[in-house]
Amino acid sequence: MSEEKVTPSNFIRTIIDEHNANGRFGGKVQLRFPPEPNGYLHIGHAKSICLNFGLAADYNGACNLRFDDTNPVKEENEYVEAIKRDIRWLGFDWGEREFYASDYFETLYAYAVKLIKKGLAYVDDLSAEEIRAYRGTLKEPGKNSPYRDRSVEENLDLFERMRKGEFADGEKVLRAKIDMSAPNINMRDPVMYRILHAHHHRTGNTWCIYPMYDWAHGQSDSIEGITHSLCTLEFEDHRPLYDWFLDQLEIHKPQQIEFARLNLTYTLMSKRKLLKLVKEGIVNGWDDPRMPTIAGMRRRGVSPAALRNFSESVGVAKSNSVVDVAQFEFAIRDDLNKTAARAMAVLNPVKLIIENYPEGKTEWLEADNNPEDPSAGKRTIPFGRELFIEATDFMIDPPKKYFRLAPGKEVRLKHAYYVTCSRYETNEAGDVTVIYATYDPATRGGWSDDGRKVKGTLHWLDVRHARDAEVRLYDHLFTTPAPDEARDDEAFYAIINKDSLRVLKDVKVETVLAESAPGTRFQFLRHGYFCADSEDHSPEHPVFNRTVSLKDTWAKKKKK
RNA sequence: UGGGGCGUGGCCAAGUGGUUAAGGCAGCGGGUUUUGGUCCCGCCAUUCCUAGGUUCGAAUCCUAGCGCCCCAGCCA
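Predicted model, so just to flag it, every value in this text is computed and none were measured.

(A) Region of the structure containing the pairing of strand E21 (residues 467-474). Counting buried residues along E21, 6 of its 8 residues qualify, which places the element largely inside the surrounding structure. Alignment of E21 against strand E22 (residues 501-509), held across 7 bridges, turns out to be antiparallel. The partner of Arg467 across the bridge, within E22, is Val509. Relative to strand E25 (residues 543-549), E21 runs parallel, the two sharing 3 bridges. Residue pairing across strands places Glu470 opposite Val543, the latter belonging to E25.

(B) View of the protein's contact with RNA strand B. RNA strand B sits among 66 residues. The nearest are Phe403, Arg404, Gly445, Gln523 and Lys556. In RNA strand B, atoms within 4 Å of the protein come 64% from sugar and phosphate. For RNA strand B, a base nitrogen lies 3.1 Å from a polar atom in the backbone of Gly170. Note that a base nitrogen of RNA strand B is positioned 2.7 Å from one of the side-chain N or O atoms of Asp237. Put simply, the parts of the chain that give the surface near RNA strand B at least two residues each are helix H5 (128-134), strand E6 (191-195), helix H12 (325-339) and helix H15 (553-559). Among the elements that make up the surface near RNA strand B, the one with the highest residue count is H12 (4 residues).

(C) Looking closely at the side chain of Lys508. Note that Lys508 resides in strand E22. Residues in contact with Lys508, not counting those within four places in the same chain, are Ala345, Val346, Pro349, Phe388, Leu461, Ala466, Arg467 and Asp468.

(D) Structural view of the pairing of strand E24 (residues 528-532). Judged by how many residues are buried, E24 sits mostly within the fold: 5 of 5 residues are covered. Examined bridge by bridge, strand E23 (residues 521-524) and E24 share 4 bridges and lie antiparallel to one another. Across the sheet, Phe524 pairs through a bridge with Gly528, a residue of E24. In this sheet, E25 lies alongside E24 in antiparallel orientation, the contact comprising 5 bridges. Paired with Ala532 across the strands is Phe544, a residue of E25.

(E) View of the domain arrangement of chain A. Partitioning chain A into structural domains gives domain 1 (11-259), domain 2 (271-341 + 469-559) and domain 3 (346-459). One C-alpha centre belongs to domain 1, the other to domain 2; they are set 35 Å apart. At the interface, 25 residues of domain 1 touch 24 residues of domain 2. For the domain 1 and domain 2 pair, buried surface summed over both sides reaches about 2200 Å², with 69% attributable to carbon and sulfur atoms. Looking at the side of domain 1 facing domain 2, the largest losses of area belong to Tyr40, Ile43 and Trp89, adding up to 34% of the total buried there. At the junction of domain 1 with domain 2, the criterion picks out 3 salt bridges. The salt bridge involving Lys318 is made with Glu236; its shortest N-O contact spans 2.4 Å. One can count 8 residue pairs in polar contact (both at pLDDT 80 or more) joining domain 1 with domain 2. Mapped by element, the contributors of at least two residues to the side of domain 1 that touches domain 2 are helix H1 (11-22), helix H2 (43-58), helix H3 (77-90) and strand E9 (255-259). Ranked by the residues each element gives to the side of domain 1 that touches domain 2, the list is headed by H2, at 7 residues. When the residues that make up the side of domain 1 that touches domain 2 are grouped by side-chain class, the tally is 15 nonpolar, 4 polar and 6 charged.

(F) Quick peek at the nonpolar core. Of all hydrophobic cores here, the largest spans 47 residues; its most connected members are Ile12, Ile43, Ile49 and Ile87. With 8 residues, the single largest contributor to this core is H2. Counting residues domain by domain, this core receives three or more from each of domain 1 (11-259) and domain 2 (271-341 + 469-559). In this view, Ile49 contacts Phe33, Leu41, Gly54, Ile87, Leu90, Phe92 and Ile294; residues no more than four positions away in its chain are not counted. Formed by 36 residues, the second largest nonpolar core is a distinct cluster that contains Tyr104, Tyr111, Met187 and Trp215.

How each quantity is defined
- Residues numbered from 1 in each chain as written.
- Chains lettered and ligands numbered in written order.
- Predicted model: local features only at pLDDT ≥ 70, side-chain atom pairs only at ≥ 80, totals over all residues.
- Heavy atoms only, no water.
- Buried < 20%, exposed > 50% of the residue type's maximum accessible area, 1.4 Å probe, protein only.
- Helix = DSSP H or I, 4+ residues; strand = E, 2+ residues; numbered from the N terminus.
- Pairing = 2+ DSSP bridges.
- Near = heavy atom within 4 Å.
- Polar contact = N/O pair within 3.5 Å; in protein donor to acceptor, adjacent residues only side chain to side chain.
- Contact = heavy atoms within 4.5 Å.
- Domains from an automatic or database assignment.
- Buried area = accessible area lost by both parts, 1.4 Å probe.
- Salt bridge = Lys/Arg side-chain N within 4 Å of Asp/Glu carboxyl O.
- Nonpolar A, V, L, I, M, F, W, Y, C, P; charged D, E, K, R; others polar.
- Core = buried A, V, L, I, M, F, W, Y, C linked by side-chain atoms within 4.5 Å.

Here it is in structure tokens:
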């Protein structure tokens, strides 16, 4: 079977091909995924991870994992562990190439000294507010700081004393001396170091000055010998600055390439807002199945392959875009259809009694585990006189083209028999409480040779063997396709979907489901894809999360 | 004329002067089906933000507009 993978071209591949052709990096392709350990990875990061690691694999290169941990007040070890777990789960391996920007603090310090000596950096005493005022505006140039022309010796002395801790937070900064009238604001003497008497998750208290991202990032890439430094669009304006640093330092210069970050409808991608959801208890943690985090999706039941295929399918380009979440759901179904074992679960049970079936009798019937994959094998399931079927699979007065159960109508019970509804009972409220039917013994296995047309097929469970379970139905967290457009808290709270989680407590499931290991993914026949919850599921108290429903053209027809 | 980017069907996205303007998602119609699932078939841009121009020939080149996104953290 030659399943040739067609990797669509994109502008990044074109650039790499050009470099390989003209020998810019000697044919070498070295990439990196550079997360800041200040939160959990989300599906947008997944796209970047797949891009970087995927490109490295395709070009016989390598991809480093580097934590950009230059801001101790926001970063924590919990996040680095979570990030590593997520990348591994996604299916990528960085081997020994695990790095931290904090590993380079000493080198970065030396680089800064080098710039000071070249007269290209200076210690500034201006306050944060003053620096902002001196920076000018988008349309007007800034003006030079009065401290801009300190001597190299004074700068060297002051910078050393900054490191030694002689100054308070915010008292001084080290700045690059470039051009306060540059049209690109990033070139107006950007801050390189700030004083922060803070504990760092890796370097502890050895530093009280920390490099700014803009000062650390390019040099970190350079130190690691990165050839192609992929980042998102908003850093396009920073590229001239990174190049300036590298040129002045006269060290290896990677090629930075910017691409558009992933946006999804009905999905929030801002780390700040996701943190808010977690902190305010709007969701149950970073791994809540409604979260777009990799951890949340894992818990929801999304497979790594689905995430990877999706990342591939959305492409890489420079235009801001918002991908329809339906495209993601397609990727999930597409993968799970091939890999998830089928089983029956009755979400809203109602009793079906087969009047002509012997009381007390049990038959064990054969069922395919996955019609898409014969190697998944078969299992046997018990059948008897009293069954549970889905309450929504019966209608007293059905509309045209309804091929489920109704008085006098015949349907197939999957893997079992044809049954015909004879009568039903209701309570005072008019709800159907019991349905009666007769079965045709000649249709064992759910088939007859007489050419009878039975359009409807229902799933069912033997009352005596059915196991109780809890099912959690998830929906979009937001009621609007563009939740990022909420400008303030009021608007934000207003668009939160109150029904994003619905818990079903009276669900009946097959034994295989109840006995499954946490994290196992299934297709609940005719319902959708579900996953045994990794935290709360046990054979004594089975809990399943709905990953995504099956497509439902009947529901669509009904709406019309 | 602050600087930097981007405009191809409802949503993504190939395309780099000569193709009937790929492909996927969504949608619609039909077939198969022991899941109203899957699968299969068909339909879905005479037109590429607009207007001019160059050319035998333009989504691709030129000119002028228009629209959208990003930048004034001692965040990343």
